[in-house]
Amino acid sequence: MLLHSYKITRTLPCLADPEKIRVIAEISDEIHEAFPYLNAILKGCIYNHPALTLTIKKDGKLFTLHAHHITLAKIEDEKEAEEILSWLRDLINETYEKRDQIEPNYSMAAELKALDIFKLLPGTNCKKCGELTCLAFAVKLVGRDTEIKRCDPLFSEKYQGKRNVLLEILQAAGYEVPMSGSLAD
Ligand code: SF4
């Protein structure tokens, strides 16, 4: 067994959705050895091998696994957080036990899609970034042909929720993001 136990240590308001919470759980064991195997079997993961983080997207929620802790975003309450943590612990342990049968995947973010990015942009097509539409900007961003900081409106208070989720996704995928806008764990 790789992960024996976890404990919720912090519960914060979810910046992406004020009616939900963000949960941080400390874990009893280092789990990063399981990340390339989880990345191989789960769809839509974002694996940042140098930073030792794996972000799992499930039912519109984001779970980020770090070597020593786990963060959960857009969570209803602590009961739901406990259920997700229990699911994650079983998933991590079962996957790690079967690692001899799984080819590890060390690729970073092949699944990062322009449409997922587009949904988190302001969507006003204001052209301030130099692109004709937000979708065109999203396509360039995924291809690393532009930078998120060029979307000036995103950094206004109005888009704080979208911005924090987007920066978290980009950061997990190894993209450069402005430090002042990133979520603190
Ligand atoms: S600056 Fe942002 S909101 Fe305006 S078009 Fe570009 S991506 Fe869309």
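Keep in mind that this is a model prediction, so the values were computed, not measured. (Residues numbered from 1 in each chain as written. Predicted model: local features only at pLDDT ≥ 70, side-chain atom pairs only at ≥ 80, totals over all residues. Heavy atoms only, no water.)

(A) Broad picture of the site of the ligand. Taken together, Pro122, Thr124, Asn125, Cys126, Lys127, Lys128, Cys129, Cys134, Phe137, Cys151 and Pro153 make up the full set of residues adjacent to the ligand. Its residues placed into classes, the shell around the ligand shows 7 nonpolar, 2 polar and 2 charged. (Near = heavy atom within 4 Å. Nonpolar A, V, L, I, M, F, W, Y, C, P; charged D, E, K, R; others polar.)

(B) Structural context of the packing of aromatic side chains. With the rule as written, the count across this model stands at 2 aromatic pairs. Ring geometry for Phe35 versus Tyr47: centroids 6.4 Å apart, planes at 85°, classification edge-to-face. Linking Phe35 in helix α1 (residues 35–41) with Tyr47 in strand β3 (residues 46–48), this pair joins segments that are 12 residues apart in sequence. The same class applies to Phe35 as to Tyr47, namely buried. One residue, Lys58, lies across the ring of Trp87, its end atom 4.7 Å from the ring centre. (Phe/Tyr/Trp six-rings, centres within 6.5 Å; stacked < 30°, edge-to-face > 60°. Helix = DSSP H or I, 4+ residues; strand = E, 2+ residues; numbered from the N terminus. Buried < 20%, exposed > 50% of the residue type's maximum accessible area, 1.4 Å probe, protein only. Lys NZ or Arg CZ within 6 Å of the ring centre and 35° of its normal.)

(C) Expanded view of the pairing of strand β2 (residues 21–27). Counting buried positions along β2 gives 6 out of 7 residues, so the element sits mostly inside the fold. Alignment of strand β1 (residues 6–13) against β2, held across 7 bridges, turns out to be antiparallel. Across the sheet, Ile8 pairs through a bridge with Ala25, a residue of β2. In this structure, β2 lies alongside strand β6 (residues 69–75), joined through 5 bridges in antiparallel fashion. The partner of Ala25 across the bridge, within β6, is Ile70. (Pairing = 2+ DSSP bridges.)

(D) Here's a closer look at the sheet that holds strand β5 (residues 61–65). Judged by pairing direction, the sheet is antiparallel, and its 6 strands sit side by side in the order β1-β2-β6-β5-β4-β3 without closing on themselves. Both outer strands of the open sheet, β1 and β3, are each paired with one neighbouring strand and no more. Averaged over all pairs of adjacent strands, the angle between their axes in this sheet comes to 15°, without regard to strand direction. In this fold helix α5 (residues 160–172) packs onto β2, β3, β4 (53–58), β5 and β6, with an angle of close to 55° to the strand it touches most, β3. (Axes fitted to C-alpha atoms, helices over the stretch in contact; angles between N-to-C directions. Contact = heavy atoms within 4.5 Å.)

(E) Quick peek at helix α2 (residues 78–97). Here α2 contains 20 residues, and its C-alpha end-to-end distance of 28 Å stays within 8% of the 28 Å for a straight helix at 1.5 Å per residue. Among the residues making up α2, those that are buried are Glu80, Ala81, Ile84, Leu85, Leu88, Leu91, Ile92, Asn93, Thr95 and Tyr96. Residues of α2 that are buried in the fold lie against β1, β2, α1, β4, β5 and β6. (Expected span 1.5 Å × (residues − 1).)

(F) Looking closely at the nonpolar core. Of all hydrophobic cores here, the largest spans 29 residues; its most connected members are Ile31, Leu38, Leu65 and Leu72. Of the residues forming this core, the biggest block, 7 residues, is contributed by α2. Residue contacts for Leu72: discarding those within four places in its chain leaves Ile21, Arg22, Val23, Leu62, Phe63, Ala81, Ile84, Leu85 and Leu88. Ranked by size, the runner-up nonpolar core spans 26 residues in total, among them Ile117, Leu166, Leu167 and Ala172. (Core = buried A, V, L, I, M, F, W, Y, C linked by side-chain atoms within 4.5 Å.)

(G) Up close: the environment of Gln171. Mapped onto the secondary structure, Gln171 falls in helix α5. The partly exposed category is assigned to Gln171, whose relative accessible area is 34%. In the structure, Gln171 is positioned 141 residues away from Glu30 in sequence and 21 Å away in space, judged by C-alpha atoms.

(H) Examining the pattern of salt bridges more closely. Applying the stated criterion to the full structure yields 9 salt bridges. Between Lys20 and Glu76 there is a salt bridge whose closest N-O contact spans 3.6 Å. Placement of Lys20 in the loop between β1 and β2 and of Glu76 in the loop between β6 and α2 is noted, with a sequence separation of 56 residues between them. A relative accessible area of 43% means that Glu76 is categorised as partly exposed. We note a salt bridge from Asp59 to Lys58, for which the minimum N-O separation is 3.6 Å. Assessed through its relative accessible area of 66%, Asp59 is described here as exposed. Using a relative accessible area of 33% as the deciding quantity, one classes Lys58 as partly exposed. (Salt bridge = Lys/Arg side-chain N within 4 Å of Asp/Glu carboxyl O.)

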